[in-house]
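# Remarks on the overall topology
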Amino acid sequence: MTRRPPIGEAVGLLESELRAGRRALAYPDTEDAWLAFLRFGRRLFDVPDTPDADGLLLQYGTHSFDGPPTFTLDLARQFEIADSNDNYDHYVQVHCELRYRPAPALQALGSFDSWFFHGTRDDLDEWAQRLSERAAWTTIRMLKPTEIRLYQEQV
């Protein structure tokens, strides 16, 4: 049986995927980051055996959380954390946040989010395909982000 890594290794594993998919000396573009996120998303982690314990989220929109309005594509993975009695305690999210220079075409996309959960009848490749067929993906996919942030937070 293959060992499933603990959630504490998730940020490092996502960072490794981003480096592995990058062309030499090139800053990753959106497509590179998406493919790295999907490779990361295929890896199974040591999570409770409950529905919604391991989910992937793609969300985008124009926000001004910590400065001027910026279009942000957030590729996130959410893990359920259980207490010592195996009951839900909280979630941890690992984010790969891509930020872009303001542009009318990006602002026109509005906001969007879509979830995928391991352990359901959904298929990760089908979820990814549906997202890549969205008209918005044509606008976003070839852009180079001005910043990529990897971080983990408790929610």
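Read on for an overview of the structure. This is a predicted model, so every value here is computed, not measured. (Residues numbered from 1 in each chain as written. Predicted model: local features only at pLDDT ≥ 70, side-chain atom pairs only at ≥ 80, totals over all residues. Heavy atoms only, no water.)

## A short note on unusual backbone geometry
Our working rule: Secondary structure elements are taken from DSSP: a helix is a run of H or I of four residues or more, a strand is a run of E of two residues or more, and numbering for both begins at the N terminus. Relative accessibility thresholds used throughout: buried, under 20% of the residue-type maximum; exposed, over 50%; partly exposed, between the two (1.4 Å probe, protein chains only).
One non-glycine residue, D52, adopts positive backbone phi at about 65 degrees. Inspection of the secondary structure puts D52 in the loop between helix 2 (30–42) and strand 1 (54–63). Residue class for D52 comes out partly exposed when judged on its relative accessible area of 35%. Its identity as a non-glycine residue notwithstanding, D86 has a phi of 65 degrees, on the positive side. With respect to the helices, strands and loops of the structure, D86 is situated in the loop between strand 2 (70–82) and strand 3 (88–100). For D86, a relative accessible area of 64% gives the class exposed.

## Details of empty space enclosed by the protein
Selection rule: A cavity here means a set of 1 Å grid points, computed over protein atoms only, where a 1.4 Å probe fits but cannot escape. A pocket is an open set with protein on both sides within 12 Å along at least 5 of 7 lines, and lining residues have an atom within 4 Å of a point. Grid points are joined across faces, edges and corners, and a volume is the space filled by probe spheres set on the points. Each residue gets one label: Ala, Val, Leu, Ile, Met, Phe, Trp, Tyr, Cys and Pro are nonpolar, Asp, Glu, Lys and Arg are charged, and the others, such as Gly, are polar.
Counted by the stated rule, this structure contains 1 cavity of 30 Å³ or more. Lining the largest cavity, in full, are L58, Y60, F112, L131, R134, A136 and W137. Contributions of two or more residues to the lining of the largest cavity are made by strand 1 and helix 5 (135–140). Per-class residue counts for the lining of the largest cavity are 6 nonpolar, no polar and 1 charged.

## A few points about the packing of aromatic side chains
Worth spelling out the cut-off: Stacked, tilted and edge-to-face are the three classes assigned to paired rings of Phe, Tyr and Trp, where Trp is represented by its six-membered ring and a pair needs centres within 6.5 Å; plane angles under 30 degrees give stacked, over 60 edge-to-face, the rest tilted. Should the NZ of a Lys or the CZ of an Arg lie within 6 Å of a ring centre and within 35 degrees of the ring normal, that charge is described as sitting over the ring.
Taken as a whole, this structure holds 12 aromatic pairs when the rule is applied. An angle of 45 degrees between the planes, with centres 6.3 Å apart, marks the rings of F37 and F40 as tilted. Of this pair, F37 and F40 both sit in helix 2, 3 residues apart, which is roughly one turn of that helix. Accessibility expressed as a relative area gives 0% for F37, which makes it buried. Ring plane angle 40 degrees and centroid distance 5.9 Å describe the contact between F116 and W127, whose orientation is recorded as tilted. Note that F116 is positioned in strand 4 (residues 112–117) and W127 in helix 4 (residues 124–132), a separation of 11 residues in sequence. Accessibility assignment for this pair places F116 and W127 in one class, buried. By the ring-pair criterion, three or more aromatic residues cluster together here, those being W34, F37, F40, F45, F79, F116, W127 and W137. Across the ring face of F40, the terminal group of R77 is positioned such that the distance to the ring centre comes to 5.1 Å. It is R134 that lies over the ring of F112; its NZ or CZ is 3.7 Å from the centre.

## As for the packing of helix 1 (residues 10–20) against helix 2
What counts, and what does not: Lines fitted to the C-alpha atoms define the axes, with helices restricted to the stretch that makes contact. Angles between their N-to-C directions range from 0 to 180 degrees. These descriptions rest on fixed angle ranges, namely under 35 degrees for roughly parallel, over 145 for roughly antiparallel, 65 to 115 for roughly perpendicular, and the rest for oblique. Helix crossings get a hand from a simple test, with the near helix turned counterclockwise from the far one by less than a right angle marking a left-handed crossing and a clockwise turn marking a right-handed one. Should any heavy atoms of two residues lie within 4.5 Å, those residues are considered in contact.
Viewed as axis vectors pointing N to C, helix 1 and helix 2 meet at an angle of 135 degrees, and their least axial separation amounts to 8 Å. In terms of axis orientation, helix 1 runs oblique to helix 2. Considering how the two elements wind past one another, helix 1 and helix 2 form a crossing that is right-handed. Contacts between helix 1 and helix 2 involve A10, L13, L14, E17, L18 and A20 from the former and A33, A36, F37, R39 and F40 from the latter. Residue composition of the contact of helix 1 with helix 2, by class: 9 nonpolar, no polar and 2 charged.

## Let's talk about the layout of surface pockets
In this model, the largest pocket occupies a volume close to 150 Å³. Partitioning the lining of the largest pocket into residue classes produces 5 nonpolar, 3 polar and 3 charged.

## As for the side chain of H118
Put simply, the rule is: Under the rule applied, a polar contact is a pair of N or O atoms within 3.5 Å (in protein, one hydrogen donor and one hydrogen acceptor; residues adjacent in sequence only if both atoms are side-chain atoms).
Structurally, H118 can be placed in the loop between strand 4 and helix 4. Reaching out from H118, the side chain makes a polar contact with the backbone oxygen of G41 at a distance of 2.7 Å. The contact partners of H118, leaving out residues within four places of it in the chain, are G41, L44, D54, L56 and R77.

Interpretation note: all reported values are geometric properties and have no functional meaning in isolation.
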